[in-house]
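Structure assessment
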Amino acid sequence: MRNLAIFVLGGAALLALPHGLSFSQQEILVFLTLNILLVSSYRLLTLTGEWSLAHVVIMGVGAYASAIYTKELGIWVPVSILLGGATAALLAVLLSFPLFRMKGFYFLIGSFAAGEIIRLLWKRFRDPFGGAKGIKGIDPMPDFSIGIYDFDFFEPISYYYLSCAVVAVCLWILWRIERSPVGLTFHAVHWQDRLAEASGVNLRAYRTLAFSIASGFAGISGALMAHYVGTINPNSFDVDLMVFVLTWAIVGGTATFYGPILGCVVLTVLNEIVLREMGFEQMRPLIYGLIMILSILFLPKGLESLVQKIAGKRPGKDTPERSPAQ
Amino acid sequence: MLDLLAQTGLNAVYAASYISLIAVGLVLIFGVMGVINFAHGELYMAGAYTVVLLYTDLAVPFFVAVAAGLIFVGCLGLAMERALFRPLRDNPLGGLVASIGFLMILQALAVMGFGVRMEHIPPVTQSVIEFSDRVRLPVARLYVIVAAVVLLTALWVFLKKTRFGWALRAAAQDPEAAALQGISINQTARIAMFIGAGLAGIAGALTAPLVSVNPHMGHSVIVTAFIVIIVGGVGSLEGAVVASVAYALVHTFVTTFYDGVIADIVGLSLMLLVLIIKPTGLFGSADRA
């Protein structure tokens, strides 16, 4: 009963949220929603203990794939968004063959190299990727009406509602995966890899599974972004955005499901709303960098540890304690 | 054809010089401190901007500006060690994140101080050594080559022949055992950071008149340095130098005969290949990471 009330109130708040904001803030809200999916999918990968630097490029794979499917093959946009996610997941399976020969630091650097190679391929080959200028004029979501509300996808509010719905479903799936035996195995792969292997768990297969699921959802997030913005190019998915994703995850903390989401929301609000409105335009990266340093120095377990402290937290019975930085 | 080969070879030697200065610094920091310094490209940028400020704006002699660049960036390294890497010593991922934060701060400072535009730096010297009609080496590039050879030799002597060098190598191999022998870990970390950062700084200072100086120049440099230290073997100084030469040769020749983007792809693919076949690199041992 209490859960239902929270659910209804939360849903109503999410529906009402964009109406109090300016147009540009509504646009930021759309990106925030997509970034939440991006960073949550990233967390699924970190469950197995691997930190990738290719996640944003994989998101781009979803965006490029979906854009090309609609443009070249004329596939209906909602279907091609899902296909974009599937393409990203498939590419992750392919990438897993070279990348999962490595672990830890080497995986980090290896994934970075793989991501940069993909980005350079987009840049080099004008057909079909559009070269350095990227793909322009990507088909928008077709407008539709559900009786009480007309979706007009040039309006950020409409796109916000759509992406909210998609992201909510994706987050629910990610949540279910984590709570399933598969998710528990991911934990085991990270914390007890020898023991897990001795118990007959195929480590490589589970790492690949986590990598491809995470990549699939990142791809959906990228495809949603491509059909909203309308143009994508190799620089939309560069290291800068990857650094942000890494920061959200680390500042928020990765021990809980909500940690990275919290990090993403808090830092985005701080970055876009507070700093931009206050006119610190040029100083924003500086302040952002300071926040990163201060939070890793003084809050190494992330914002979620603050939340747990305030909530008078009982020690997590289902998520083992993990520090974000190993 | 022979001319073209010789000219490309010369270009490769020049590229190898400044790449190895940067990569050796990165390896030294990683070896002693165990952190990947993502801000290394921005230390290089800071060296270049020291020259912009002193040589271009204040008309200080070029080599004084270069020396100032080495010392200033070395001190930046000391500050990083004290403020970031020392508190985060047991937390390599934390060190990496902190260095990314530091990178953003340095970039923002450069943008605020100098603007995003490319800086124009008057050439230090116009003279060119002509080997033949089409094989020429600008003297400004020769400075970089000479500096790299001298500095890297000096570093090698320092590491292999002096007591500090012994201490440094011991701390890199096994910090705890070194501490038990009375070697100050903080002291060796300071020396490694000063040298590592200083090398990046002098590379930036010397190449400032030859490249486009802008607040984002560190990005491509750090990617190159990563490739080099992976191919050479993380933690191996000799490996970093050899890999710099190999990478510079491959990259310069592919750029000349195909194009720059393909050269980047080839470089990254080489690194991926090394990671797959021999993750410890050509000269690496499995000690660290």
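Keep in mind it's a predicted model, so treat the numbers as computed, not measured.

The rules we used
Residues numbered from 1 in each chain as written. Chains lettered and ligands numbered in written order. Predicted model: local features only at pLDDT ≥ 70, side-chain atom pairs only at ≥ 80, totals over all residues. Helix = DSSP H or I, 4+ residues; strand = E, 2+ residues; numbered from the N terminus. Rg over C-alpha atoms; globule rule 2.2 N^0.38 Å. Buried ≥ 20, exposed ≤ 12 C-beta atoms within 10 Å, placed from the backbone. Contact = placed C-beta atoms within 7 Å. Nonpolar A, V, L, I, M, F, W, Y, C, P; charged D, E, K, R; others polar. Domains from an automatic or database assignment.

Side note on the overall build of chain A
- Looking only at helices and strands, one finds 14 helices and 2 strands in chain A.
- Taken against the 2.2 N^0.38 rule, which gives 20 Å for 326 residues, the C-alpha radius of gyration of chain A at 20 Å falls within 12% of a compact globule.
- Each of the three principal axes of chain A carries a C-alpha extent, and together these read 50 × 45 × 45 Å.
- Across the 326 residues of chain A, 46% fall into the buried class.
- Excluding contacts between residues fewer than 6 apart, the proportion of contacts in chain A whose partners are at least 24 apart in sequence is 75%.

Considerations on the environment of Ser158 of chain A
Residues and elements named next belong to chain A.
- With respect to the helices and strands, Ser158 occurs in helix H7 (residues 156-179).
- On the neighbour-count criterion, Ser158 (20 C-beta atoms within 10 Å) is buried.
- Placed 79 residues apart in sequence, Ser158 and Phe237 show a C-alpha to C-alpha distance of 24 Å.
- Leaving out residues up to four positions away in the same chain, Ser158 has contacts with Phe151, Asp152 and Phe153.

Re the interface of chain A and chain B
- Tallying the contact residues gives 34 residues for chain A and 33 residues for chain B.
- Counting residues per element, the side of chain A that touches chain B draws most heavily on helix H5 (residues 104-124) of chain A, which supplies 13 residues.
- For the side of chain A that touches chain B, the per-class residue count stands at 25 nonpolar, 5 polar and 4 charged.

Some details on the domain arrangement of chain A
All names here are of chain A.
- For chain A, the assigned domains read domain 1 (23-237) and domain 2 (238-326).
- On a C-alpha basis, the centres of domain 1 and domain 2 stand 21 Å from each other.
- Those elements giving two or more residues to the side of domain 1 that touches domain 2 turn out to be helix H2 (23-47), helix H3 (55-73), H7 and helix H8 (181-191).
- In terms of residue class, the side of domain 1 that touches domain 2 is built from 11 nonpolar, 8 polar and 3 charged.

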